[in-house]
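Fold and geometry: a report
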Amino acid sequence: MISYEPLWKTMEEKGETTYTLITRHGIDRRTIYKLKHNENVTTLTLEKLCFCLHCSVQDVISITPDPVDVR
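First, a word on scope: everything that follows refers to the structure included in this document. (Residues numbered from 1 in each chain as written. Predicted model: local features only at pLDDT ≥ 70, side-chain atom pairs only at ≥ 80, totals over all residues. Heavy atoms only, no water.)

Another aspect to go through is the side chain of T20. Following the sequence through the fold, T20 ends up in helix α2 (residues 18-23). A polar contact is formed between the side chain of T20 and the backbone oxygen of T17, at a distance of 2.9 Å. (Helix = DSSP H or I, 4+ residues; strand = E, 2+ residues; numbered from the N terminus. Polar contact = N/O pair within 3.5 Å; in protein donor to acceptor, adjacent residues only side chain to side chain.)

Judged by nonpolar contacts, the single largest core of 15 residues is most densely connected at Y4, L7, L21, L35, L49, L53 and V60. Counting only elements with at least two residues in this core, the list comes to α1 (5-14), α3 (29-36) and α4 (43-53). Considering every element that reaches this core, the biggest residue donor is α4, with four residues. The residues contacting L35, other than those within four sequence positions of it, are Y4, L7, W8, V41 and L49. (Core = buried A, V, L, I, M, F, W, Y, C linked by side-chain atoms within 4.5 Å. Buried < 20%, exposed > 50% of the residue type's maximum accessible area, 1.4 Å probe, protein only. Contact = heavy atoms within 4.5 Å.)

Moving on to the state of the cysteines. Inspection of the entire model under this criterion finds zero disulfides. C52 takes part in no disulfide bond, and the closest cysteine sulfur to it belongs to C55, at a distance of 9.1 Å. For the unlinked cysteine C55, the closest cysteine sulfur is that of C50, found at 4.4 Å. Take C55: its relative accessible area is 18%, and that puts it in the buried class. (Disulfide = S-S within 2.5 Å.)

Looking now at the pattern of salt bridges. Under the counting rule described, the total for this entry stands at two salt bridges. Here E16 ties to R24 by a salt bridge, and the two come within 3.8 Å at their closest N and O atoms. Judged by relative accessible area, R24 falls into the exposed class, the value being 58%. A salt bridge links R30 to D28, with the nearest nitrogen and oxygen atoms 2.9 Å apart. Taking the relative accessible area as the measure of exposure, R30 reaches 63% and is therefore exposed. On the basis of relative accessible area, D28 is assigned to the partly exposed category, the value being 34%. (Salt bridge = Lys/Arg side-chain N within 4 Å of Asp/Glu carboxyl O.)

Distances and angles like these do not, on their own, reveal function.
Below, the structure written as structure tokens:
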């Protein structure tokens, strides 16, 4: 399961908002939508976010195994 919860925490710590990501750093609005809904984004997008926020990929995304469906 993909979660961008670390991104929102990192943005808060760095004083960045989705508005500044869009206007100052050129992140597309559709990308922001995908991030807010924990949808897949490209590794290029992850790299761009890390560059903009001066952080590592672990500060942007967390990946955990999906729970096993036991029936």
